[in-house]
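Descriptive structure summary
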Amino acid sequence: NEVTQHAHPDGSMRTIAPLLLLVGAASAFTTNAARLATPRVAASVRMGLVEELVSALPTTEPIKAALAAVPLPDELVTGLAVAPYAVVAALVLRTAFERLLVPVLCSSGSAEQEGSLKSQQYTRGRKLGGGNYGAVYEGFKGDEDEPSVVIKETSQKAELVDGNLANFGLSELYMNQKLMLCGQGGNIAKFQGHYYYGGDLCMVYQREGELTLADALKGKDFPYNVEEALTGKESGEESLELQAKLIRKMAGQVFGALDGIHSWSVVHRDVKGANLVLSDREKRFKLIDFGAACDTASGTNYDPRIQVFDKEFGPPEADLYKATNGQEGGFVVGAGGKFDVYCAGLLVLQMCFPPLRGPNGVKRFKAAIVNYDYDLAAWRESVEGTKGYAEGVEILDNNGGWKLLAGCLKESPGQRISSSAAASSGFCRA
Ligand SMILES: Nc1ncnc2c1ncn2[C@@H]1O[C@H](COP(=O)(O)OP(=O)(O)OP(=O)(O)O)[C@@H](O)[C@H]1O
Ligand SMILES: [Mg+2]
């Protein structure tokens, strides 16, 4: 049972426990010491430590010597000489946090263990969605009048997928716990915790809002229908400039959210309009639905034999996997988040071109781009002059959008740009 083991690294728990104890003891000691010492004593002890550390680093001298040529204050020279070490230390700490601490802190999903929340506190409201995995409801916390949470109820048991064991419920729990620990609450629907009820795993999220990006795209007045939610004001104006401004804002939010989760090794693998919810409070779209996501740092929910991809929104490697019955294609671990980058590129296309928003829009685009051998410029020429495409072409032309899309929509995942490069592209910096 590989998946469950990844989600519950009991073995690593034993090895890490003493380490945790040590870190805890050290931090308790320093906290207490700091409370007892006067600020001045504390500061001089800290300075002393820094000086010791600096003198212990043999190679700061060449850096200092090089900097001596420039007239700089001494403190700055010392600071610059230590900077490379600080960068390395920060990287090491970040990696240690992700690889050692996060798996331990997240290993809470198990029938015997209690959840982090109490089931008596929550009442189900309106049903929002459902499938063979379970169902999603609006939820009331305590005796509140308006539903403030969303409850996703799913099986806590592993299931057989094409003859292999998978546990999507527990991996969704893991991804949410990890991403919240890693400060991603602005990029994903805020996860509040979980409980067990009647044998089901119930995950509780902050209810972010009514509308998903898929809902918004269905509106005849898209993107004006999200102007107020995104900017806080409704101008009543209709112009190409306003359309471009809103689309660029949304593109920035989608790639920004992906950049955030990718920087912590989580690949969503089901990016589409229905899995981006508009947060009224934060005036932005946030990622939801991490049932298909995998964590390439711990291997959680990654099994090459289990590839459950959206039929419509998957990138070329997902379509190839389906078309060849698993003989070719599939998620490329080494390319990481570039799986999601393709899907986000499709979303930007939908934002720009109304004909791609209908039920078979994305499917038609995919068939066409295969015909043009993934040459986006050739596809563009083929739609120019066709009804429904003129404005989108202009929006992309005026703001460097074609360059961004060409980078996202490459056939080979390794050749696509990263979510981080996409998020900082000119098109997304509206
Ligand atoms: N935190 C949230 N705030 C507001 N709405 C949410 C939230 N989480 C989920 N929803 C709504 O519930 C729907 C279903 O949630 P989710 O995508 O997690 O489940 P799913 O497995 O895709 O279910 P389905 O296949 O029925 O869409 C979303 O499309 C969205 O409309
Ligand atoms: Mg969904």
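Above this text is the structure in question.
Let me sum up the structure you'll find in this document. Here the residue numbers are simple positions, counted from 1 along each chain's written sequence. Chain labels run from A onward and ligand labels from 1 onward, assigned in the order the entries are written. For this predicted model, a pLDDT threshold of at least 70 governs which residues receive local features, and a threshold of 80 or more governs which side-chain atom pairs are given and counted, while totals over whole chains, interfaces and linings are taken from all residues. Heavy atoms throughout the structure, all of them, feed into the side-chain values; hydrogens and water do not.

Considering the nonpolar core
Among soluble globular proteins, nonpolar side chains are generally buried collectively. Here, nonpolar core means buried Ala, Val, Leu, Ile, Met, Phe, Trp, Tyr and Cys residues that are tied together by side-chain atoms lying within 4.5 Å of each other. Burial classes: relative accessible area under 20% of the type maximum marks a residue as buried, over 50% as exposed, and values in between as partly exposed (1.4 Å probe, protein chains only). Formed by 69 residues in total, the largest nonpolar core has its most connected members in Phe255, Phe353, Phe365 and Trp379. Examining the composition of this core, we find that 12 residues originate from one element, helix α9 (residues 240-262), more than from any other. Domain extents, as shown, originate in an automatic or database domain assignment. Here this core gathers at least three residues from each of two domains, domain 2 (119-206) and domain 3 (213-423). Non-local contacts of Phe365, meaning those with residues more than four positions away in its chain, are made with Tyr342, Leu346, Leu349, Leu356, Leu376, Trp379 and Leu409. By size, the runner-up hydrophobic cluster in this structure holds 8 residues, among which are Leu170, Tyr196, Leu201 and Tyr205. For the purposes of this entry, the term helix denotes a DSSP run of H or I that reaches at least four residues, the term strand denotes a run of E that reaches at least two, and both are numbered from the N terminus. The contact rule is simple, with two residues in contact once any of their heavy atoms fall within 4.5 Å.

Description of the site of ligand 1
Close to ligand 1 lie 19 residues; Gly130, Tyr133, Lys152, Gln206 and Asp289 are nearest. Under this definition, polar contacts are N or O atom pairs within 3.5 Å; protein pairs additionally need one hydrogen-donor-capable and one acceptor-capable atom, and for neighbouring residues in sequence, both atoms have to be side-chain atoms. Measuring from an oxygen atom of ligand 1, one finds a side-chain N or O atom of Lys152 at 2.9 Å. Within the side chain of Asp289, one N or O atom sits 2.7 Å away from an oxygen atom of ligand 1. Summarising the interface, the protein chains cover 79% of the accessible area of ligand 1, which totals 600 Å² for the free molecule. In this structure the site holding ligand 1 corresponds to the largest pocket. For the shell around ligand 1, the secondary structure elements donating two or more residues are β1 (122-131), β3 (149-155) and β7 (200-206). Gly falls in the polar group here, along with every residue not listed as nonpolar (Ala, Val, Leu, Ile, Met, Phe, Trp, Tyr, Cys, Pro) or charged (Asp, Glu, Lys, Arg). Of the residues belonging to the shell around ligand 1, the class tally is 9 nonpolar, 6 polar and 4 charged. Here the shell around ligand 1 spans two domains, and each of domain 2 (119-206) and domain 3 (213-423) adds at least three residues to it. Distances are taken per atom, and a residue is near a molecule or strand as soon as one of its heavy atoms is within 4 Å of it. Exposure was quantified through the Shrake-Rupley algorithm and a 1.4 Å probe, taking into account, for residues, occlusion by the shown protein chains and nothing else. Note on definitions: the grid is 1 Å and covers protein atoms alone; a cavity is a set of points where a 1.4 Å probe fits but cannot get out; a pocket is an open set with protein on both sides within 12 Å along at least five of seven lines; lining residues have an atom within 4 Å of a point. What decides whether a molecule sits in a cavity or pocket is whether more than half of its atoms lie within 2 Å of the grid points.

What about the sheet that holds β1?
On the basis of which strands lie adjacent, the open sheet formed by 5 strands has the order β1-β2-β3-β7-β6 and antiparallel pairing. If you trace the sheet from one side to the other, it starts and ends with β1 and β6 (191-197), each paired once. On average, adjacent strands in this sheet sit at an angle of 25° to one another, irrespective of strand direction. Strand pairing follows a simple DSSP-based rule, namely that at least 2 bridges must link the two strands. Axis lines are fitted through C-alpha atoms, for helices just across the contact stretch, and the angle between N-to-C directions can take any value from 0 to 180 degrees.

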